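Secondary and tertiary structure notes
Read off the chains here:
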Amino acid sequence: MTTSEAQAPRGRRGRRRLPGAPAARADEQRGQGSPRKRSRPGRFPAERSGPRPRAAGAVRSPRAGYPRGARGNKRELPPPSAVRSRRRRVLPRRRRYRQRAPRVTLQAPPTCGTAAASPRVHPRPPSPPPAPCRGRRSAAAMVFQCQRDSWARQFATRVVSCRPAELRPEGGGEPVRGFQVVLEDTILFPEGGGQPDDRGLIGDVPVLRVTRRGPEAVHFVQEALEPGAEVLLSLDWDRRFDHMQQHSGQHLITAIAEHMFGFKTTSWELGRQRSVIELDTPSMTAEQIEALERSVNEKIRERVPVVVRELAADDPEIERVRSRGLPDDHAGPVRVVDIEGIDSNMCCGTHVSNLSDLQVIKLLGTEKGKKNKTNLVFLAGNRVLKSIEQSHSTEKALTSLLKNGPGEHIEAVKRLQSSVKLLQKNNLNLLRDIAVLIARDFKSKPVQSQLFVLHRKEGDSEFMNIIANEIGSEETLLFLTVGDDKEAGLFLLAGPVEAVENLGPRVAELLGGKGAGKRGRFQGKATKMSQRGEVQALLQEFISRRSPEA
């Protein structure tokens, strides 16, 4: 740097003004504004190199480098820095909310102890409304959150209604009192399509049953829930995932069986222990079952994706989807489950997202079905592992009992069965001999009683009939019983025809059983063997009335 350059005067921004350069403007020298940027060739037109024109009626502010209005108010013109910048700064747009009309909600009939129906007005505040609940869905749609996301284990939603109701247990018994709760949306699948319903919690309240009522899922609980309250749903994941594996496994087996052998599926059942597919064929060979099992497990190892789509009800693609038809009360989109390259089926159930989630499928065999059809029994996923674990435990127990290896269990059991049959035959012969000896002992007495009563823990109906045949007296009334006092047993009343016909039904009633008889004999089953003493007293009273000498 030369001495002249170092001593050259500096501009406002500290830049050196080279010799021969024009001096700054008068207003810049006075400090009344920022220097105007000189135009460079090729950037601004030559006619714009002069001073910026002022707006009409505007005066230059002594403080700012942009004009103001006639009254001194700042005009909405961009500052020079924004004009010189090539990037525009986008400010966030301020959201404005309109004043909405009040919302009128008509309450339903009294539910869960609420008061009678009356309209209530909920005013809309001018402030931004709260974020909607994540469980909100269209009232006309039949696709629930559990169908949109089968893997969700918790879900926040709101209570729509709660009504008193009763639930009849599946195994029978007295109905359970509770409430039917409808939510805005749910992750608990209602029963349908051959798949049972889910279980879970609404907050801390257990859900005992989930059913579908039109476009709504009805949850049965034993505690009332407040309509409008936000609740957290928790899913019984073990039950859900088991249903997903069995249902997706059924789709895969159905598609492969139809492709390989032309066997169409007419129905299926997801049971608690095993699942059954009804195939439209009179029979299946062992070779066909083995080939089908090998093919479905190959598809599982190929990790084929499973995709769920929603189609409009009038979509022409629905005609190409395998289906047994929609329910009469269906509303909203049509749900289609695709196993890529294998199957496309209309279904409402929950499914896995990839065939690898099935782990493995085991075909247990076939059973004879209805109307010349075949029931194919199968296990999928974790059920196969549980079955193997149970079989292994049984094998270990048999090894300990039979004192041999698993390969010798069958022969050992056959030998035991032969021994048991022989022992039963010998025992029966001994009982017959005992019955004959008992009858002969009674007949050998010089004075025979008019009532003979006998109870034996071991015995059967043949044992009692042998005694009755050996005694064979029309003058003696016989009351014979076999069985444990605390359990059910058998009884036989034999003797004069008229007496047996009158006393037989009364004896059965006292013993808590049923029976029938003919030709002087009445026999049947008894549930109250401990009441034998009362029967004996009844018979003794009857004998006393017939014999004045007694």
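Residues numbered from 1 in each chain as written. Predicted model: local features only at pLDDT ≥ 70, side-chain atom pairs only at ≥ 80, totals over all residues. Heavy atoms only, no water.

1. Here we look at the sheet that holds strand S13 (residues 275-279)
Pairing within the open sheet is antiparallel, and its four strands lie in the order S12-S13-S18-S17. The open sheet is flanked by strand S12 (265-270) and strand S17 (361-368), the only strands paired with a single partner. Each strand of the sheet is rotated relative to its neighbour by a mean of 20 degrees, with strand direction disregarded. As defined by bridge partners, S13 adjoins strand S18 (residues 374-380) across five bridges and the pair is classed as antiparallel. Residue pairing for S18: serine 275 is matched across the bridge by phenylalanine 378. Packing against the sheet, helix H6 (residues 286-301) makes contact with S17 and S18, and its axis sits at approximately 150 degrees to S17. Across the sheet, helix H7 (residues 382-402) lies against S12, S13, S17 and S18, angled at about 85 degrees from S18, the strand it touches most. (Pairing = 2+ DSSP bridges. Helix = DSSP H or I, 4+ residues; strand = E, 2+ residues; numbered from the N terminus. Axes fitted to C-alpha atoms, helices over the stretch in contact; angles between N-to-C directions. Contact = heavy atoms within 4.5 Å.)

2. A short note on H6
Residues spaced three or four apart along an α-helix face the same direction, because each turn holds 3.6 residues. Over its 16 residues, H6 runs 23 Å from end to end, which matches the ideal 22 Å to within 8%, given 1.5 Å per residue. The complete set of buried residues in H6 reads Ile289, Ala291, Leu292, Glu293, Ser295, Val296, Asn297 and Ile300. In this structure, the buried residues of H6 make contact with helix H5 (237-261), S17 and S18. Where H6 ends, the next residue or the one after it, arginine 303, has phi of about 55 degrees, a positive value. (Expected span 1.5 Å × (residues − 1). Buried < 20%, exposed > 50% of the residue type's maximum accessible area, 1.4 Å probe, protein only.)

3. Some thoughts on the pairing of S17
Across seven bridges, the pairing between S17 and S18 is antiparallel. Paired with glycine 365 across the two strands is valine 377, which belongs to S18. A loop of five residues connects S17 with S18, the two strands running antiparallel in sequence, and lysine 371 in this loop sits at a positive phi of about 55 degrees.

4. A closer look at the nonpolar core
Proteins that are soluble and globular tend to have nonpolar side chains buried together. Counting 52 residues, the largest nonpolar core has Ile202, Leu252, Ile253, Leu292, Ile361 and Leu363 as the members making the most contacts within it. With seven residues, H5 is the largest single contributor of residues to this core. In contact with leucine 363, not counting residues within four places along its chain, are Ile253, Ile289, Leu292, Glu293, Leu376, Val377 and Phe378. Ranked by size, the runner-up nonpolar core spans 18 residues in total, among them Leu503, Phe522, Val535 and Leu539. (Core = buried A, V, L, I, M, F, W, Y, C linked by side-chain atoms within 4.5 Å.)

5. A closer look at the packing of H7 against helix H8 (residues 409-443)
Contact geometry of H7 with H8 gives a least axis separation of 11 Å together with a crossing angle of 55 degrees. Taken together, the axes of H7 and H8 are oblique relative to one another. In terms of crossing hand, the pair formed by H7 and H8 is left-handed. Across from Glu395, Leu398, Thr399 and Leu402 in H7, the residues of H8 making contact are His409, Ala412, Val413 and Leu416. Grouping the amino acids of the contact of H7 with H8 by side-chain chemistry returns five nonpolar, two polar and one charged. (Parallel < 35°, antiparallel > 145°, perpendicular 65-115°, else oblique. Left-handed = near helix turned anticlockwise from the far one by under 90°. Nonpolar A, V, L, I, M, F, W, Y, C, P; charged D, E, K, R; others polar.)

6. Notes on the packing of aromatic side chains
In the structure shown here, the tally under the stated rule is six aromatic pairs. Pairing tryptophan 151 with phenylalanine 241 gives two aromatic rings, centres 6.0 Å apart and planes at 45 degrees, and the pair type is tilted. Of this pair, tryptophan 151 sits in the loop between helix H4 (145-148) and strand S5 (154-167) while phenylalanine 241 sits in helix H5, and the two are 90 residues apart along the sequence. An aromatic cluster is defined as three or more aromatic residues linked by ring pairs; in this entry it consists of Trp151, Trp237 and Phe241. (Phe/Tyr/Trp six-rings, centres within 6.5 Å; stacked < 30°, edge-to-face > 60°.)

7. Remarks on the environment of valine 337
Positionally, valine 337 belongs in strand S15 (residues 334-339). Spatially, the C-alpha atom of valine 337 lies 4.6 Å from that of valine 308, the residues being 29 residues apart in sequence. If we skip the residues at most four places from it in the chain, valine 337 touches His251, Val306, Val307, Val308, Asp343, Ser344, Asn345, Cys347 and His351.

8. Remarks on H5
Over its 25 residues, H5 extends 36 Å from the first C-alpha to the last, a length consistent with the 36 Å expected when each residue adds 1.5 Å. By the criterion of burial, H5 is predominantly enclosed, with 19 of the 25 residues buried. Glycine 262 lies just past H5 and shows a positive phi near 80 degrees.

9. Thoughts on the pairing of strand S6 (residues 176-183)
In this structure, S5 lies alongside S6, joined through eight bridges in antiparallel fashion. Within the sheet, the bridge partner assigned to cysteine 162 lies in S6 and is valine 181. Bridge count for S6 against strand S10 (residues 216-221) is four bridges, and the pairing is antiparallel. By the bridge assignment for S10, glutamine 180 is matched with phenylalanine 220.

10. Quick look at the environment of proline 227
With respect to the helices, strands and loops of the structure, proline 227 is situated in the loop between S10 and strand S11 (230-235). We classify proline 227 as partly exposed; its relative accessible area is 32%. With 66 residues separating them along the chain, proline 227 and serine 161 place their C-alpha atoms 5.2 Å apart. Ignoring any residue separated from it by four or fewer positions in sequence, one finds proline 227 in contact with Val159, Val160 and Cys162.

11. What to know about the pattern of salt bridges
Pairing between side chains of opposite charge can happen when the charged atoms of each approach one another. All told, the structure shown has 18 salt bridges when counted by the stated rule. Its salt-bridge partner being glutamate 170, residue arginine 272 comes within 3.0 Å of it at the nearest N-O pair. Taken together, the residues span a long stretch of sequence, with arginine 272 in the loop between S12 and S13 and glutamate 170 in the loop between S5 and S6 at a distance of 102 residues. Each member of the pair, arginine 272 as well as glutamate 170, is classed as exposed. The shortest N-O distance in the salt bridge between aspartate 197 and arginine 199 comes to 2.7 Å. (Salt bridge = Lys/Arg side-chain N within 4 Å of Asp/Glu carboxyl O.)

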